[in-house]
Amino acid sequence: MALAAETLYKLIIMYMLNKVEFPLTNTQIAQFFLDEEYTSYFNVQKAINELIEDGFMFLNVNRNTSYYHLTSEGRESLKFFENRIPNSIIDDVDMFLVNNRYELRNEVGTVSDYYRTTNGEYIVHCQVKEGESTLIEVNIATPDRQIASKMCAAWEDKDRSQEIYQYVISKLST
């Protein structure tokens, strides 16, 4: 019996999330489908939304970026149906994850956000994570939303956040 395309897309997404130890962004998931020409962006979004509605995955939103995680229900469901994903597609997913692992992890591992406090200031929250571990986390107060936004953008530049991390380590360890 042939697997419906929409079901296959959902299984592929769950398989991807199950293979990595960090969340994936909407862009990262869609990139795989589009690079391999499996389906359109809109079909990927439909599959993601249905997986969330069905409780198989959940999302966290940080500065307009959606981070997707597989739920325990999603993992259990995948165990039963993973064998329905064609081996050629599993190979494509595995190769995509291997070839892009460093970039995928870095995109997810360096995050920043800001929020307004009750006294009108903005707090910029910057973080670098590796897996479940937090390597560095910094909160900086600034009086202006525009500055807070620029600081977040600067932190998400991997070279800058790495440079700041190395600077802090060197100054605190000497």
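Because the structure is a prediction, the values reported are computed rather than measured.

Caption draft 1: Seen up close, the overall build of the chain. Counting its regular elements, the chain contains 7 helices and 6 strands. Helices and strands in the chain line up, N terminus first, as α-β-α-α-β-β-α-α-β-β-β-α-α. Burial analysis of the chain (174 residues in total) assigns 36% to the buried set. Across the chain, every contact between residues at least 6 apart in sequence was considered, and the portion connecting residues at least 24 apart equals 55%.

Caption draft 2: Structural detail: the side chain of Thr-142. Within the secondary structure, Thr-142 sits in strand E6 (residues 133–142). The exposure class of Thr-142 is buried, given its relative accessible area of 5%. Excluding its chain neighbours within four sequence positions, the residues that come into contact with Thr-142 are Glu-121, Tyr-122, Val-124, Ile-147, Ala-148 and Met-151.

Caption draft 3: A look at the nonpolar core. The biggest cluster of nonpolar side chains holds 30 residues, and the ones touching the most others in it are Ile-12, Ile-13, Met-16, Ile-29, Phe-33, Ile-85 and Val-93. Those elements giving two or more residues to this core turn out to be helix H1 (5–19), helix H2 (26–35), helix H3 (41–53), strand E3 (65–70) and helix H5 (87–109). Ranked by residues supplied to this core, first place goes to H1 with 9 residues. Every residue in contact with Ile-29, bar those within four places of it in the chain, is listed here: Ile-13, Met-16, Leu-24, Val-44, Ile-48 and Tyr-68.

Caption draft 4: Structural detail: the packing of aromatic side chains. The tally for this structure, following the rule as stated, stands at 6 aromatic pairs. Arranged with centres 5.5 Å apart and planes meeting at 80 degrees, the rings of Phe-32 and Phe-33 form a pair that is edge-to-face. Each member of the pair, Phe-32 as well as Phe-33, is classed as buried. Between Phe-32 and Tyr-38 the ring centres are 5.6 Å apart and the planes differ by 50 degrees, which places this aromatic pair in the tilted class. The partly exposed category is assigned to Tyr-38, whose relative accessible area is 24%. Cluster of aromatic residues (ring-pair linked, three or more members): Tyr-9, Phe-32, Phe-33, Tyr-38 and Phe-96.

Thresholds applied
Position labels on residues start from 1 in each chain and follow its written sequence. Local features are withheld for residues below a pLDDT of 70 in this predicted model, meaning they are given only at 70 or higher, and side-chain atom pairs are given and counted only at 80 or more; totals for whole chains, interfaces and linings count all residues. To get the side-chain values, all heavy atoms of the structure are used, and hydrogens and water are removed first. Helix numbering and strand numbering both begin at the N terminus, where a helix is a DSSP run of H or I of at least 4 residues and a strand a DSSP run of E of at least 2. The buried label goes to any residue with under 20% of its type's maximum accessible area, the exposed label to any with over 50%, and the partly exposed label to all in between, with areas taken from a 1.4 Å probe on protein chains only. Throughout, a residue-residue contact means that at least one pair of heavy atoms, one from each residue, lies within 4.5 Å. Throughout this description, the term nonpolar core refers to a set of buried Ala, Val, Leu, Ile, Met, Phe, Trp, Tyr and Cys residues connected via side-chain atoms within 4.5 Å. Pairing of aromatic rings covers Phe, Tyr and the six-membered ring of Trp, with a centre-to-centre limit of 6.5 Å; geometry is then stacked below 30 degrees between planes, edge-to-face above 60, and tilted otherwise.

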